[in-house]
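Each chain, letter by letter, is given below.
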Amino acid sequence: MSDPPTAAEPEPAQAAIAVGPDQPEQDGQAGPGRSRLRLTANVIIQAITQGSSTVITILAIFLALVVGGVLIVFSDPVVTHAWSQFFSAPGYALAQTWDSVSFAYSQMFEGAILNPSTVSAAFHGGSIAAIFYPLSSTAAQATPLILTGLSVAIAFRAGLFNIGASGQWVGGAIVATWLGFGVSLPPFIHVVVCLIGAFVGGAVLGWFVGVLKARTGAHEVIVTIMLNYVMYDLLSYLLSHPAMLQQPKQTNQIAPFIANDANLAHVGGPPPQVGIGFLIAVAAAFACAWLLSRSTTGFQFRTVGASPSAARSSGINVERSWVLVMLLAGGLAGLSAATVIQGTNTQLTFNSYGTYGFDGITVALLGRAKPLGAVLAGLLFGALHVGGTYAEGATLGQVPANIVQVLEGLIVLFVAAPALIRAVFRLRATSGTGMEAVAKGWNG
Amino acid sequence: MKLELRGITKRFGGLVANDQIDLVVQPGEIRALLGENGAGKTTLMNVLYGLMQPDQGEILLDDKPVHIRSPKDAISAGIGMVHQHFMLVPVFTVAENVTLGVERVRGLGLLDRRRTRRDVHELSERFGLQVDPDAYIEDLPVGVQQRVEIIKALLRDASVLVLDEPTAVLTPNETLDLFRIMRELRDGGRSIIFISHKLKEVQTIADNITIIRRGKVVGERPPSTTGSELAALMVGRSVQLRVSKDEARPAQVRLEVRDLTVHDDRGGMAVSGVSFQVRGGEILGIAGVQGNGQTELCEALMGLRPSTGSVLLEGHDIGDASTRDRLRAGIGYIPEDRQEDGLVGAFSVADNLVLDVYDRPPYASGIALNLGAIRAAADRLVSDYDVRTTSVLTTVGTLSGGNQQKVIVARELSRDNKLLLASQPTRGLDVGSIEFVHKQIVAQRDRGLAVVIVSSELDEIYALSDRIAVMYEGRIVGYCQPDIPEAELGLMMAGATAGEAAHAAGQTDGSQATHDPDLDEALELPGALDTKPPAAEPQAQEPEP
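Let's talk about the overall build of chain A
Logical step 1: Tallying secondary structure elements over chain A gives 19 helices and 2 strands in all.
Logical step 2: In chain A, which comprises 444 residues, the share counted as buried stands at 49%.
Logical step 3: Taking all contacts inside chain A whose residues are at least 6 apart in sequence as the whole, residues at least 24 apart take part in 77%.

Quick look at the structure:
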């Protein structure tokens, strides 16, 4: 999705420096600290949405794989031993290195995307559906990440940092679970009611954050982080009392299974398990993309995100936009919970929220705060998760699944440091050289 | 130090930004580089400062060729530069900022703060800079921050000082201070290159003026040269420094403000009980030194700042209406800070052209944007208002200041308005763009709109106003006609009433200040120009308030 307004080269450095004390506070709330925080936030948002091109992203992924390969090599005793005899048998060391790395990555590929052996099996009377098993696992893993990624991305575009996708996820999960086992409804309706409930559960939290920011100026980063803890503890409380959400006769923090009627169906039956959840996520991404680039509401969001003061001067209600975008962001995070509770898990536990909310931040970052970018980034992360688990099994623990977290971290690191990527790959910088050079000039 | 640029040529692709430029600056000279935005002044200075390498030509210092590959080289050769955008750390003190990069240390790498502060203090004393070494940058006004930049250059032994559009960010008083400092520096033997597109400033301060147009030196003139000659050289055609306009034909009252009181950000009184009326077909110029409540007045009129009192637009009280509703009610608004409030820099020209009408037909149906209609309107406005841009999808932040302002003017004037409120409509623009904007504003008046111009530039007030209101410390201290002598208006802007000003300016004939300074009196005389009967305006069917 390319929308022209964000394709520009911003000059955040200039904007950041030229702030004089006599400049009117944008919100009417005094205090240099607050405005500086907002300034920093804007610069970061601009860097994320506009600083790195697609090329940079691809190179960042590539570079992360290279560095990950080095780690794989170090964790393989055969290879380290071969390197200790590098001078007597250099060819052997290199071959072992190549084997080790390529085996690990090919296992990840087989687990997450396509396993050639299932293809040949299909030719000999095996199951065709099995070919698609890795891809559908990837899609299933990606689903909640795409939705939390959208949650963070849409808020980004309106200039807000939604660190609270995790708490909003919990909000959605609580409502979906309660509606899932607590009420009985006809099959299709039950699913829809649970989905709407999850959306509302997250949206209420997001709305609350938006209202706090609009009315009192409370910074959304702080409020959302704190609300995360509130929601974790609320979940813990609810799951510890059978009168609330705890499964009867349980000592663990675990909720009852939701009704079968409330489960999201899988398209085409089990093995190629493209859940309805995945389709919901993709549909939500298209809806967000349309909203942002083709609707008046999205125009408002983007204007508020790019320049709250210009938005105000042109009659846009900035506070209302904040509330609305946070409501939508919360709803999307809640929907993410629904796809897990109604899709793969069918049961809420204290650990259910996992890292979906925080992974959403990285997904949004990698997707450059664009809805379809979030889909691609979500799929990549989903594939890494699935592939990592598969490779761990296939190599008997030789390649730890944790390597995936390292890869994710590296990708994000490299994406966030385009200058590093440009230096490594000798790309020419496209913008802002003048100002950077000036700064260097003064500082020797 | 004598600085000489010889045959400097710099190309960007097909564009020649500097074409064989020769420039000699003698020690102890203030040399002005005059040219429109985009004429190549800044490119030339970037070459001098080592930020860019010239394709041809050489730089000589005291007749010896030097190679300047980076700002570091430039600094060690004794060239200092003060950019439009300051390179200061807001949370550091003045002393810490100026020493950044050339820290003075004692043994063990300890910073020698005392010596730095003493150096700053000394420089500050010597050149009358009046900067406190211990003040934090974020607490200082823009004008003082600029002086910190100057100290920074001086501390690095700059003998040639380049000031890139230094007055763009300054108030008139700060500008005068800067000029005083520049003279001190010159008398101390330093050379100054002063980049500007403001004729008056250049005529005031420069010893010699080099005019650049489209990358070429088109002339060198002494400061005694007339403004129109300089303008013609700069623009390449004769320019009207003051747009010609017919006598105003005021019709009915369109805007009436009663007892408007507005507070500033710190809770102080910014505007106290201001009342005035503006009629259709007249331009009311609100003159005043910046910071006397004009900004707050405009924001209050637009609903961007809470206020008490009433604002009547054609008799309807819009005092409680939102900004959006006020725009809808027919106010065209050109905000003071174009980059901050007028435009979204990261958006395209097309998006900026619909910034306050994007949700109305034909640009939207329901909540769906009609991109085709937006695009078509943008194409039309860009050609109608002569916005120089490669495409309507170009990011507005990449356009020159003049073209950015044209985008705002196009957007605000293309709506069907009753009132135009323009705050500092030509700040930072070159003469060609000023002429354009002024013509458009006068055309709005002639269409029967009530026009309010807020400006701290006297030239602009004189050029546009049919009637002048002077604001001082949040009040309108008096009204006068645009034929009032400048000295008198200046005194009123300093707080004198019209009578006092006329008296102090040595006007025995009090007829110059046409109005009784008393506010209520003045209110009774909004149509000071009512010498003619109200013209039959097509829009004049509104009821009297």
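Focus: helix α13 (residues 371-384) of chain B
An α-helix turns once per 3.6 residues; consequently, residues spaced three or four apart project the same way.
Residues and elements named next belong to chain B.
Logical step 1: Helix length check: α13 (14 residues) gives 20 Å between terminal C-alpha atoms against 20 Å at 1.5 Å per residue, within 8%.
Logical step 2: Against the buried residues of α13 lie α12 (349-353), β18 (368-369) and α14 (401-413).
Logical step 3: Positive phi appears at Asp386, one or two residues downstream of α13, with a value of about 55°.

Concerning the sheet that holds strand β8 (residues 191-196) of chain B
All names here are of chain B.
Logical step 1: Judged by pairing direction, the sheet is mixed, and its 6 strands sit side by side in the order β6-β7-β8-β3-β9-β10 without closing on themselves. Two strands bound the open sheet, and with one partner strand each, they are β6 (79-82) and β10 (216-221). Averaged over all adjacent pairs, the angle separating strand axes in this sheet is 20°, with direction ignored.
Logical step 2: With 5 bridges connecting them, strand β9 (residues 208-213) and β10 associate as antiparallel partners. Within β10, the residue paired with Thr210 across the bridge is Glu220.

Concerning the nonpolar core
Logical step 1: Counting residues in each nonpolar core, the largest one holds 276 residues, and the members touching the most others are A:Leu150, A:Val325, B:Leu48, B:Ile79, B:Val162, B:Leu421 and B:Val470.
Logical step 2: Of the residues forming this core, the biggest block, 15 residues, is contributed by helix α14 (residues 318-345) of chain A.
Logical step 3: In this structure, A:Leu150 is in contact with A:Ala284, A:Ala285, A:Cys288, A:Leu332, A:Pro371 and A:Ala374, ignoring residues within four places of it in sequence.

Things to note about helix α11 (residues 276-294) of chain A
Residues and elements named next belong to chain A.
Logical step 1: With 19 residues, α11 ought to run about 27 Å at 1.5 Å a step, and its terminal C-alpha atoms sit 26 Å apart, in line with that.
Logical step 2: All of the buried residues along α11 are Gly277, Phe278, Ile280, Ala281, Ala284, Ala285, Cys288, Ala289, Leu291, Leu292 and Ser293.
Logical step 3: Structurally, α11 contributes buried residues whose contacts are with α7 (133-157), β2 (274-275), α12 (296-306), α14 and α16 (371-394).

Focus on the sheet that holds strand β4 (residues 56-61) of chain B
Residue and element names in this part refer to chain B.
Logical step 1: Taken in spatial order, the 4 strands of this open sheet run β2-β1-β4-β5, and their pairing is antiparallel. Two strands lie at the open edges of the sheet, namely β2 (15-25) and β5 (64-66), each paired on one side alone. This sheet shows a mean twist of 30° between the axes of neighbouring strands, independent of strand direction.
Logical step 2: Bridge count between β4 and β5: 3 bridges; the pairing is antiparallel.

Remarks on the packing of α11(A) against α12(A)
Residue and element names in this part refer to chain A.
Logical step 1: Following both chains from N to C, one finds α11 and α12 inclined at 70°, their axes separated by 5 Å at the closest point. Relative to α12, the element α11 lies roughly perpendicular. In this structure, α11 uses Leu291, Leu292, Ser293 and Arg294 to contact α12, whose residues at the interface are Thr297, Gly298, Phe301 and Arg302.
Logical step 2: Classifying every residue of the contact of α11 with α12 by side-chain character gives 3 nonpolar, 3 polar and 2 charged.

Remarks on the pairing of strand β11 (residues 253-263) of chain B
Residue and element names in this part refer to chain B.
Logical step 1: Relative to strand β12 (residues 269-279), β11 runs antiparallel, the two being bridged by 7 bridges. By the bridge assignment, Leu260 is partnered in β12 with Val274.
Logical step 2: Hairpin connection of β11 to β12: 5 residues between the antiparallel strands, including Gly267 at a positive phi of 90°.
Logical step 3: Alignment of β11 against strand β14 (residues 307-313), held across 6 bridges, turns out to be antiparallel. Counterpart to Thr261 in the pairing with β14 is Thr308.

How each quantity is defined
Residues numbered from 1 in each chain as written. Chains lettered and ligands numbered in written order. Predicted model: local features only at pLDDT ≥ 70, side-chain atom pairs only at ≥ 80, totals over all residues. Helix = DSSP H or I, 4+ residues; strand = E, 2+ residues; numbered from the N terminus. Buried ≥ 20, exposed ≤ 12 C-beta atoms within 10 Å, placed from the backbone. Contact = placed C-beta atoms within 7 Å. Expected span 1.5 Å × (residues − 1). Pairing = 2+ DSSP bridges. Axes fitted to C-alpha atoms, helices over the stretch in contact; angles between N-to-C directions. Core = buried A, V, L, I, M, F, W, Y, C linked by C-beta atoms within 7 Å. Parallel < 35°, antiparallel > 145°, perpendicular 65-115°, else oblique. Nonpolar A, V, L, I, M, F, W, Y, C, P; charged D, E, K, R; others polar.

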